[in-house]
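So you can see what is in the structure, the chains are spelled out below.
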Amino acid sequence: MLQRPYASGPSLPDTSRLVRVLKLELKGITKRFGSLVANDHIDVVVEPGQIHCLLGENGAGKSTLMNVLYGLYEPTEGEILIDDKPVTFRGPGDAMAAGIGMVHQHFMLVPVFTVAENVALGAETTKTGGFLDLDDTRRKIREISDRYGFDVDPDALIEDLPVGVQQRVEIIKALVRDAKVLILDEPTAVLTPQDTDELLDIMRQLKSHGTSIVFISHKLREVKAVSDTITVIRRGKVVGSADPGASTTELASMMVGRAVSLTLDKAPANPQETTFEVKDLTVIAPNGQHVVDGISFGIARGEILAVAGVQGNGQTELTEAILGLHDRVHGSIALDGEELVGRSVKEVLNAGVGFVPEDRSLDGLIGTFSIAENLILDRYDQAPFAKGISMSPARVLENAKTRIAEFDVRTPSGSLAAGTLSGGNQQKVVMARELSRPLRLFIASQPTRGVDVGSIEFLHKRIVAERDHGTPVMIVSTELDEVIELADRIAVLYKGRLVGIVPAGTGRDVLGLMMAGVSPDEAQADAAGRHPARSLSENPAANAAEKPAANAAKNPAGTPATKPATNPAPAAPSVQEPGSGAVGDPHE
Amino acid sequence: MSTTATSPVEGKPQPEKNHKPAVSAKPVTWKLPVTLMVLATIAFIFFGLLGPQGTAKFGISSGGDFFQLPAIQVPAFLSGIVLSLILLVLAGYALVLKARANRRPPRWLPAVFTVVFVVAFLIWVVGGARTPSISLAGLIAGSVTLAVPIVFGSLSGVLCERAGVVNIAIEGQLLGGAFTAALVASVTHNPYLGLVAAAVAGALVSMVLALFAIKYVVNQIIVGVVLNVLVSGLTGFLFSTVMQSDPEKYNSPGELPIIDIPVLSSIPVIGPILFKQSVVGYLMYVAVIVIWVALFKTKWGLRVRAVGEHPQAADTLGIKVNATRFWNVTLGGAVAGIGGSFFTLVAIDSFTKEISGGRGFIALAAMILGRWNPIGAFFAALLFGFADNLQSIVTIIGTPVPSQFMAMLPYVVTVFAVAGLVGRSRPPAADGIPYIKG
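Just so it is clear, the structure is predicted and the values come from calculations on it, not from any experiment.

1. A short note on the overall build of chain A
Piece 1. Within chain A one finds 19 helices and 22 strands.
Piece 2. Counting only residues that meet the buried cut, chain A has 54% of its 588 residues in that class.
Piece 3. Taking all contacts inside chain A whose residues are at least 6 apart in sequence as the whole, residues at least 24 apart take part in 68%.

If you want it as structure tokens, here you go:
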């Protein structure tokens, strides 16, 4: 354990706050929501000045546990001990007063407030008469900002700041409140790889100043890079603790509860003629913003084009525009020479486009309909399911039986409501429906978000199978690991524009820079010259655009990578909340 | 490999740090310049080319002023031409800016355009009237008078919606305030007690809204509409059964005196507006300023706004979201109740059915037009008061325009205002969304 309290950094006028460190213990915490047991007798001890990682799949109960610790939920059973004394939190205010700060997965910042207003909120300094004294807050922000090199302007509006900076504001918020234990809930889900590196640096700095950190994540690479202790949680229970030195495969199996293969066997692509072409595509949002801005690309039969980018950079609109869900679309989308812009969704689907939407519960399924019905949502009015105005329930059920078997959907019957399935099985139903027609283009948006590791393997295999079948495939994913694993070519979007298209072997750091808007050439030059120290995006020589094999050298876990085409990057099971998984993390 | 890429930061392959979105992120639309041009053309044809030949006379001073300013006499036709030409130039400038530089017009342009348009309109109306003369001072003072309940109503809306509760029940709060003020003042023979009672009545109406909207999470629009109907029915019933039985005893509240501040009230035009008002009128100015300061300069205001924008964030910082909302809605009701008392204690000295006459809804529009800001809402309410007053004055002096069209004026202004012509206004993000704790 590297505990160097306040060894580095300029000292503060008030050094006493750095001296007090705090030991945190969760004892037998149980949280039930009705019949659902989200946390089952969880014991965790966070030693002072440590980075303690809670590792677990989506829906394992990590966020629930932290919301209990932060006073947002009351535990059904169990107690919280601070410095061996039991405490009860009736609300976040109590937790803050006890020295616990939390950076939520979805930032708790008011977008139309300035940084200073957000930091002041709830702990305002006032002049006589209740008037705000924001100068005092500004001073505190600058102080912390200087100490950790945050570069945050106290008077900037939150909505104008990039997510990385917003996250720092969240950290400042906790530090201003004198947090001794900082909970970071899936902090890297919204960050580019570079921002992630910087965040991990910040975490190390905080630790060196004596702040303990509880780091919640399912991304093995980050966990290994920064943790002192790892506690693995599965289905609401602690299944054990692990050493950060453990291999990724070991950690993954602990997390999932069985041996998993983290690599995908994928034959090299065999691209044929380009049948899907997008030219100068622009999508204008209702507020007038160009959410997709002059994008051109093509996808050949038998190849997977993965669209990478931080969430909210136009990916959603791009796929929706192809499907015909947007009104204000300029440019051309051609499939086998047929123009798709201006067609109705139904016409686009009938043209042979398969589409897996990014949010299955919102756009992919009707939860109250049966699995069988959900499997024919696109063809309910066609033979053999319909004849004239009547439907044939027998055929619908029969179809469901075949699909359920084919896609390994774990359910006792096809007539159950789709909403009762786990996230992974729901996704299989969506995928089964979309792949059951003869396709000329397959689009999958966030194909494995919130899906358990076992299902991820299966879904990935099906996507590759569709490619090998000779269909042009487009994957949209905000998970770089997934992009790298599946892609034959990678397109990076930034602010609605196409930053560039690079070959599959391109280094993680190059992609990361591109995701921040840096052009591919500059990104490669920069990545080559970058000092590799402490960088997660290892391998400084990764101007690997032309050398897919160089990829193999980049395996931090040291697991052998035998096939050159196989991606050795470890942590495929990275997916995001919210938990539509079997044991969902209930959010407020 | 196609790279349609653009590097956002010149030469430096650095991810953007403190990125401020470029102003051009939202493209400039043709909407505003084209609308201005259409209006300017209409002005040119009607106020200019088809303008009346007479002379319009505008009185500025009223009898009591301590110095008299001469009335302004303007040749209607000539000034119609000149003013509409100015409008055309302004609209043309906006068009050129959009076409050449793709920029939106400067902020002052729509404001100046509106003022010039209104002046041209006034001259046109007065110049063409049977008696081409009006008192400008009277017009403005009357506008303020008519605006008082609207201002209070819109302040109530601001207080509620800034905390995240949609208040459609302003109409009911005004009406409840008006009725209670009349009843209590009549019974106690003290109009000031009536004023207090009005605030309490408004608060009670609001508490029903708060209870159902916050505690029982009923759709806020529906509760609001139901409350309006309920208060209207209740006051109507009590009016015909109680008040009508003995109007002397139950419906003769007596007026709140007009407090005339010596000297200051004699300043032409602004004197009567600012320094010759009833208690309710003075309270209006105080309320606008106090609520503005409280919302934007105090700890309380920061918390209220946080609750209306991002209740989860407020909750994670230990702020009690639903309690804040409840008390804000209640306070809003009290403010609207005071506004309601204006009807029965200042404007008319008795209660009649539906005395508020839909001003609660106009207040809602004023709140939106004023962008959920007390000062903005105040000026928006003045605009509605002006349209309302102009309509009645113009009918009196007799214009070629049918009075029904003039009567439509406040509502036409409302529709355009709410349609967002004046610029996109952004309500508090959590407005109307109940907060249910996980």
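2. With respect to the overall build of chain B
Piece 1. Check the secondary structure of chain B and you find 16 helices and 5 strands.
Piece 2. Residues classed as buried in chain B amount to 46% of the 438 residues present.
Piece 3. Across chain B, the fraction of contacts at a sequence separation of at least 24, relative to all contacts at a separation of at least 6, is 77%.

3. Notes on the sheet that holds strand S12 (residues 290–300) of chain A
All names here are of chain A.
Piece 1. A sheet is described by the order of its strands in space; here 4 strands give the open sequence S12-S11-S14-S15, paired in antiparallel fashion. Across the chains shown, the open sheet's two edge strands, defined by having one partner strand only, are S12 and strand S15 (338–339).
Piece 2. Bridging between strand S14 (residues 329–335) and S15 involves 2 bridges; their strand directions are antiparallel. If you follow Leu-335 over to S15, its bridge partner there is Glu-338.
Piece 3. Against the sheet, helix H10 (residues 315–323) touches strand S11 (274–284), S12 and S14, its axis set at about 65 degrees to S12.

4. Looking at the packing of helix H10 (residues 279–297) of chain B against helix H15 (residues 374–397) of chain B
All names here are of chain B.
Piece 1. Their axes nearest at 8 Å, the elements H10 and H15 cross at an angle of 150 degrees. Here H15 runs roughly antiparallel to H10, going by the angle between their axes. Residue-level inspection shows Val-288, Ile-291, Trp-292 and Leu-295 of H10 in contact with H15, the latter providing Pro-374, Ile-375 and Phe-378.

5. Quick word on the sheet that holds strand S3 (residues 133–135) of chain B
Residues and elements named next belong to chain B.
Piece 1. The sheet built from 3 strands is open, its strands ordered S2-S1-S3 with mixed pairing. Pairing within the sheet leaves two strands with one partner each, and these edge strands are strand S2 (72–75) and S3. With strand direction ignored, the average angle separating the axes of adjacent strands in the sheet is 20 degrees.
Piece 2. Two elements, strand S1 (residues 55–59) and S2, share 4 bridges in a ladder whose sense is antiparallel. Looking at S2, one finds that Ala-56 is bridged to Val-74.
Piece 3. Its contacts with the sheet put helix H3 (residues 108–127) on S1, S2 and S3, and the angle it makes with S1 is roughly 110 degrees.

6. Description of unusual backbone geometry
Leaving glycine aside, a negative phi is the common case for residues, and trans is the common case for peptide bonds.
Residue and element names in this part refer to chain A.
Piece 1. Each neighbour pair has its own omega, and for Ala-383 with Pro-384 the value is 5 degrees, a cis peptide bond.
Piece 2. For Pro-384, the location among the structural elements is in the loop between helix H13 (371–374) and strand S17 (386–387).
Piece 3. At Asp-280, a position not held by glycine, the phi torsion is positive, near 45 degrees.
Piece 4. If you trace the backbone, Asp-280 turns up in strand S11.
Piece 5. Even without a glycine there, the phi angle at Asp-336 is positive, about 50 degrees.
Piece 6. With respect to the helices and strands, the residue Asp-336 is situated in the loop between S14 and S15.

7. With respect to the confidence of the model for chain A
Residues and elements named next belong to chain A.
Piece 1. For chain A, per-residue confidence averages 83 on the pLDDT scale, and residues scoring 70 or more make up 86% of the total.
Piece 2. When the criterion is pLDDT under 50, residues 1–19 qualifies, and its contacts beyond four places in sequence or with other chains add up to 22 contacts.
Piece 3. pLDDT under 50 marks residues 531–588. Its contacts with residues more than four places away, or in other chains, come to 160 contacts.

8. What to know about the nonpolar core
Piece 1. Core analysis: the biggest nonpolar cluster contains 278 residues, and Ile183(A), Ile490(A), Ala366(B) and Ala381(B) have the highest contact counts within it.
Piece 2. Looking at this core, the element that brings in the most residues is helix H4 (residues 136–162) of chain B, giving 14 residues.
Piece 3. Leaving out residues up to four positions away in the same chain, Ile490(A) has contacts with Ala306(A), Ala308(A), Val483(A), Ile501(A), Val502(A), Ala504(A), Thr506(A) and Leu511(A).

9. Quick word on the packing of helix H11 (residues 299–309) of chain B against helix H13 (residues 321–347) of chain B
Residue and element names in this part refer to chain B.
Piece 1. Viewed as axis vectors pointing N to C, H11 and H13 meet at an angle of 110 degrees, and their least axial separation amounts to 10 Å. Judged by the angle between their axes, H11 and H13 are roughly perpendicular. Counted together, Arg-303, Val-304 and Val-307 of H11 and Val-321, Thr-324, Arg-325 and Asn-328 of H13 form the full contact between these two elements.
Piece 2. Broken down by class, the residue content of the contact of H11 with H13 amounts to 3 nonpolar, 2 polar and 2 charged.

10. Looking at the environment of Phe113(A)
Residues and elements named next belong to chain A.
Piece 1. Tracing the chain through its elements places Phe-113 in the loop between strand S6 (100–103) and helix H4 (115–120).
Piece 2. Residue class for Phe-113 comes out buried when judged on the 21 C-beta atoms lying within 10 Å of it.
Piece 3. In this structure the C-alpha to C-alpha distance between Phe-113 and Glu-159, which are 46 residues apart in sequence, comes to 8.1 Å.
Piece 4. Apart from the residues within four sequence positions on either side, Phe-113 is in contact with Asn-118 and Ile-158.

11. Focus on the pairing of strand S13 (residues 304–308) of chain A
Consecutive side chains of a regular strand alternate in pointing toward one face of the sheet and then the other.
Residues and elements named next belong to chain A.
Piece 1. Most of S13 is tucked away, with 5 of its 5 residues classed as buried.
Piece 2. Side chains of S13 alternate between two faces, with Ile-304, Ala-306 and Ala-308 and Leu-305 and Val-307 buried alike.
Piece 3. By the bridge criterion, 4 bridges tie S13 to strand S20 (residues 473–476) in an arrangement that is parallel. Bridging across to S20, Ala-306 finds its partner in Ile-475.
Piece 4. Strand direction decides the pairing type here: S13 and strand S21 (residues 489–494), joined by 4 bridges, are parallel. Paired with Leu-305 across the bridge in S21 is Arg-489.

12. Quick notes on the confidence of the model for chain B
All names here are of chain B.
Piece 1. Put simply, chain B has an average pLDDT of 85, and 89% of its residues get 70 or more.
Piece 2. Residue range residues 1–25 is modelled with pLDDT below 50. Its contacts to residues more than four positions away, or to other chains, number 48 contacts.
Piece 3. This prediction of the complex comes with two scores: 0.77 for pTM and 0.82 for ipTM.

13. Re the environment of Leu195(B)
Piece 1. If you trace the backbone, Leu195(B) turns up in helix H6 (residues 191–215).
Piece 2. Aside from chain neighbours lying at most four places away, what touches Leu195(B) is Ala181(B), Val279(B), Ile338(B), Ser341(B) and Leu345(B).

14. Focus on the pairing of strand S8 (residues 212–217) of chain A
All names here are of chain A.
Piece 1. Burial runs high along S8: 6 of the 6 residues are buried.
Piece 2. Pairing between strand S3 (residues 51–55) and S8: 5 bridges, direction parallel. Note on S8: the bridge partner recorded for Leu-55 is Ser-217.
Piece 3. Examined bridge by bridge, strand S7 (residues 181–185) and S8 share 5 bridges and lie parallel to one another. For Val-181, the partnering residue across the bridge sits in S8 and is Ser-212.
Piece 4. Note on the crossover from S7 through helix H7 (residues 193–208) to S8: the handedness is right-handed.

What counts and how
Residues numbered from 1 in each chain as written. Chains lettered and ligands numbered in written order. Predicted model: local features only at pLDDT ≥ 70, side-chain atom pairs only at ≥ 80, totals over all residues. Helix = DSSP H or I, 4+ residues; strand = E, 2+ residues; numbered from the N terminus. Buried ≥ 20, exposed ≤ 12 C-beta atoms within 10 Å, placed from the backbone. Contact = placed C-beta atoms within 7 Å. Pairing = 2+ DSSP bridges. Axes fitted to C-alpha atoms, helices over the stretch in contact; angles between N-to-C directions. Parallel < 35°, antiparallel > 145°, perpendicular 65-115°, else oblique. pLDDT = per-residue confidence, 0-100. Core = buried A, V, L, I, M, F, W, Y, C linked by C-beta atoms within 7 Å. Nonpolar A, V, L, I, M, F, W, Y, C, P; charged D, E, K, R; others polar. Right-handed = clockwise from strand over helix to strand, strands pointing away.

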